[in-house]
Amino acid sequence: MKKIISQQKLRSNCITCIITIIRLIISTVRKNGGRMATKHEQILEYIETLEVGSKISVRRIAKALNVSEGTAYRAIKEAENQNLVSTMERVGTIRIEKKKKEDIERLTFAEILNIVDGQVLGGREGLYKTLSKFVIGAMKLDAMMRYTEAGSLLIVGNRTNAHELAIKEGAAVLITGGFDTTDQVKQLADEKELPVISTSYDTFTVATMINRAIYDQLIKKEIVLIDDIYTSFQETKFLVVDDQVEKWHEFNNETKHSRYPVVDKHNRVVGIVTSKDVIGKDSSMRIDKVMTRNPMTVHVRTSLANAAHVMVWEGIELMPVVDPSHKLQGIISRQDVLKALQQIQRQPQVGETIDDLATNQLEIVKNEEDEHVLKTMVTPQMTNQLGTMSYGVFISLITESSSRLLRKYKKGDLVVENISVYFIKPVQIESEVIIAPNILEVGRKFAKVDIEVHHEGSIVGKALLMAQLIDR
């Protein structure tokens, strides 16, 4: 009887899998304008249809979609880059939910597992739930439970009664010191799908590691990507290769813009058309005869700084935004980039990077010749293992001093192209250094700055900086 039920269940699962694959193929064909999607695209589409928390393996996907294991492996790696899946030791590859940028500082239990290098004792199905806060279990049990609530993480040692009460309250448990818990707690964790994790680190170290991870996430949140500011596909005006020049004129009258991406019948970007391309051309001429082929593109995960650098260096006013298959996702304009840069400068900063720690202590001073100079003290955080100013900090200081000087002459942002640095003498800890930048040449788009670094009246370093300037 059990064998018959098992066979029926297996047959039912196979039918469900086949229906899912058929629906997937129909969906991808529709998305690609009637074109059959590549195997790589089919696998990514298939992964997106899986429930959050589903286990994924190369062999299983290869078998389900009838592809080679090599193709499945490459697609899974791409899915990991797109934050669709996550791979962990002793757990495997699991489908995860994409985080919104505003929630990036909130960690999942799976991320906690990676941070503390722990092992799951129970409640593995709940690894991809997001924790709201964590509680240090360094108090009496009744006091501890007042702070423990659903969605939180209790960090505690080998107090099994606290483990059980926390799970009943809807909280996950992180056991420090490498201790285990009871089978009853593990069973309860499995039932409620709340992870119980064990780590060999002590409580203080674990709390420090989690705080560091949240701090790093806050810094990542401040990094603006193209994904945050680009014009979406639905709002983008674009041309198709078999459109006529007349269509460009229609768009130009409607939007007052002059640059439009050109796509093929599969929505892949193949060119771009500007006013220079259509001047003097017959209105009935096909767009693919006048367009500029192989335009520069960006991806949604490209940083704003990188896009700004390319647009200034190449003199580009508009770039298509594409996905890994080079399909059009939208556009990004020079105006979008400049507005975002201005917005960043007006926003308060939450996380501090190494550059911030080095440059925040710079003070503006003026000497007898009324030159623009800066001074700072070499703090312990700015030194290397020898107790002298690190090379990275030295570069940050000369870049920041050059940027501040150029802002006096030209409102804009600086993008470094090249720095030639000469380290003449080491500067030891708790020494005061004077940084004197001097503009050699400044134009509309480029600048050259000579920088000297002094300590106690003698030169300890020199640099020649060449940079691009981005107007605000």
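Summary of the structure given here. Because the structure is predicted, anything quoted here is derived from the model rather than measured.

### Side note on the overall build of the protein
The helix and strand tally for the protein stands at 16 helices and 22 strands. In the protein, which comprises 472 residues, the share counted as buried stands at 41%. Nonlocal contacts in the protein, meaning residues at least 24 apart in sequence, comprise 54% of its contacts between residues at least 6 apart. If you sum the accessible surface of the protein, you get close to 26,300 Å²; carbon and sulfur atoms cover 50% of it.

### Focus on the packing of helix H2 (residues 39-49) against helix H4 (residues 69-81)
Taken N-terminus to C-terminus, the directions of H2 and H4 make an angle of 55 degrees; their axes are 9 Å apart at the nearest point. The angle between H2 and H4 places the two elements in the oblique class. Note on packing geometry: the crossing formed by H2 with H4 is right-handed. The segment H2 lies against H4, with Lys39, His40, Ile43, Leu44 and Ile47 engaging Thr71, Ala72, Arg74, Ala75, Ile76, Glu78 and Ala79. Within the contact of H2 with H4, the residues separate by chemical class into 7 nonpolar, 2 polar and 3 charged.

### Focus on the packing of aromatic side chains
Taken as a whole, this structure holds 5 aromatic pairs when the rule is applied. An aromatic cluster is defined as three or more aromatic residues linked by ring pairs; in this entry it consists of Trp248, Phe251 and Tyr260.

### Digging into the sheet that holds strand S9 (residues 231-232)
Spatial strand order, S9-S16-S15-S14: 4 strands in an open sheet with mixed pairing. Bordering the open sheet on either side are S9 and strand S14 (298-299), each of which pairs with just one other strand. Pairing geometry for S14 and strand S15 (residues 318-322), over 2 bridges, is parallel. For His299, the partnering residue across the bridge sits in S15 and is Val322. Sheet strands touched by helix H13 (residues 304-314): S15 and strand S16 (328-333). Its angle to S15, the strand with the most contacts, is close to 140 degrees.

### Overview of the sheet that holds strand S5 (residues 134-136)
Strand order in this open sheet of 5 strands is S4-S8-S7-S6-S5, and the pairing throughout is mixed. Of all strands in the sheet, those with a lone pairing partner are strand S4 (119-122) and S5, marking the two edges. Each strand axis lies, on average, 25 degrees off the axis of its neighbour in the sheet, ignoring direction. The strands that helix H7 (residues 160-168) touches are strand S6 (153-156), strand S7 (172-175) and strand S8 (196-198); relative to S7, the one it contacts most, it runs at about 155 degrees.

### Observations regarding the nonpolar core
Within the largest apolar cluster, 24 residues are counted, with the highest numbers of intra-cluster contacts made by Met389, Leu397, Ile451 and Val453. Put simply, the parts of the chain that give this core at least two residues each are helix H16 (391-409), strand S20 (432-442), strand S21 (446-455) and strand S22 (458-471). Formed by 20 residues, the second largest nonpolar core is a distinct cluster that contains Ile94, Ile112, Val116 and Ala213.

### Describing unusual backbone geometry
One non-glycine residue, Asp117, lies in positive phi territory at about 50 degrees. Along the chain, Asp117 turns up in the loop between helix H5 (109-115) and S4. In the Ramachandran plot, Asn294 falls in the positive-phi region, its phi being about 50 degrees despite a non-glycine side chain. Position of Asn294 among the secondary structure elements: in the loop between strand S13 (292-293) and S14.

### Focus on the pattern of salt bridges
A complete count under the given rule lists 11 salt bridges for this structure. Residues Lys247 and Asp243 are paired through a salt bridge, measuring 3.9 Å at the closest nitrogen-oxygen approach. Two residues, Glu452 and Lys462, come together in a salt bridge whose shortest N-O distance is 3.1 Å. Placement of Glu452 in strand S21 and of Lys462 in strand S22 is noted, with a sequence separation of 10 residues between them. Salt bridges linked by common partners bring Asp450, Glu452 and Lys462 together as one network.

### Regarding the packing of H7 against helix H8 (residues 183-192)
Their axes nearest at 10 Å, the elements H7 and H8 cross at an angle of 15 degrees. As the angle between them shows, H7 and H8 are arranged roughly parallel. In terms of crossing hand, the pair formed by H7 and H8 is left-handed. Within the contact between the two elements, H7 uses Thr160, His163, Glu164, Ile167 and Lys168 and H8 uses Gln184, Val185, Leu188, Ala189 and Lys192. For the contact of H7 with H8, the class distribution of residues is 4 nonpolar, 3 polar and 3 charged.

### Thoughts on a negative patch on the surface
Where like charges cluster on the molecular surface, the negative patch consists of Glu125, Asp190, Glu191 and Glu193. On the secondary structure map, Glu125 appears in the loop between S4 and S5. Take Glu125: its relative accessible area is 56%, and that puts it in the exposed class.

### Looking at H16
Its 19 residues place the ends of H16 28 Å apart at the C-alpha level, agreeing with the 27 Å of an ideal helix rising 1.5 Å per residue. Along H16, the residues that are buried comprise Val393, Phe394, Ser396, Leu397, Ile398, Ser401, Ser402, Ser403, Leu405 and Leu406.

### A few points about the side chain of Thr274
By the element assignment, Thr274 lies in the loop between strand S12 (269-273) and helix H12 (275-278). Residues in contact with Thr274, not counting those within four places in the same chain, are Trp248, Ser258 and Arg259.

### Remarks on the pairing of S12
Across the 5 residues of S12, 4 count as buried, placing the element largely inside the fold. In this sheet, S12 lies alongside strand S11 (residues 260-263) in antiparallel orientation, the contact comprising 4 bridges. From the neighbouring strand, Tyr260 faces S12, where its bridge partner is Val273. In this structure, the hairpin formed by S11 and S12 is closed by a connection of 5 residues, where Asn267 is found at a positive phi of approximately 70 degrees. Judged from the 2 bridges that link them, S12 and S13 form a sheet pairing that is antiparallel. Residue pairing for S13: Ile272 is matched across the bridge by Thr292.

Cut-off values and rules
- Starting from 1, residues in each chain are numbered consecutively following that chain's sequence as written.
- Confidence filtering applies because this is a predicted model: local features only for residues at pLDDT of at least 70, side-chain atom pairs given and counted only at 80 or more, and all residues used for totals across whole chains, interfaces and linings.
- Side-chain descriptors were evaluated using all non-hydrogen atoms of the structure, hydrogens and water having been removed beforehand.
- Only runs of H or I of at least four residues qualify as helices and only runs of E of at least two qualify as strands under DSSP, and these elements are numbered from the N terminus.
- Summary of the burial criterion: residues with accessible area below 20% of their type's maximum are buried, those above 50% are exposed, and those between are partly exposed, where the area comes from a 1.4 Å probe applied to protein chains only.
- When checking whether two residues touch, look at their non-hydrogen atoms; a contact exists if any pair is within 4.5 Å.
- Accessibility throughout is a Shrake-Rupley quantity obtained with a 1.4 Å probe, and a residue counts as covered only by protein chains that appear here.
- To define axes, lines are fitted to C-alpha atoms, for helices over the stretch in contact only, and angles between the resulting N-to-C directions are given on a 0 to 180 degree scale.
- When describing relative orientation, an angle under 35 degrees is termed roughly parallel and one over 145 degrees roughly antiparallel, while 65 to 115 degrees is termed roughly perpendicular and anything else oblique.
- Two helices crossing with the near one rotated counterclockwise from the far one by less than a right angle form a left-handed crossing, whereas a clockwise rotation gives a right-handed crossing.
- Polarity classes work like this: nonpolar for Ala, Val, Leu, Ile, Met, Phe, Trp, Tyr, Cys and Pro, charged for Asp, Glu, Lys and Arg, and polar for all others, with Gly in that last group.
- Pairing of aromatic side chains requires ring centres within 6.5 Å, counting the rings of Phe and Tyr and the six-membered ring of Trp. Pairs whose planes differ by under 30 degrees are stacked, by over 60 edge-to-face, and all others tilted.
- In this analysis, strands are considered paired if DSSP registers two or more bridges between them.
- Joining through side-chain atoms within 4.5 Å is the link that ties buried Ala, Val, Leu, Ile, Met, Phe, Trp, Tyr and Cys residues into a set, and such a set is a nonpolar core.
- Salt bridges are identified by distance alone: a Lys or Arg side-chain nitrogen within 4 Å of an Asp or Glu carboxyl oxygen.
- Only residues above 30% relative accessible area that lack a salt bridge enter a patch, with like-charged residues linked at up to 9 Å and the nonpolar side chains Val, Leu, Ile, Met, Phe, Trp and Tyr linked at up to 5 Å.
- The charged-residue count follows a simple rule in which Lys and Arg add positive charge and Asp and Glu add negative charge, with His and chain termini not counted at all.
- Each charge is placed at NZ for Lys, CZ for Arg, CG for Asp and CD for Glu.
- For a helix, the expected span equals 1.5 Å multiplied by the number of residues minus one.

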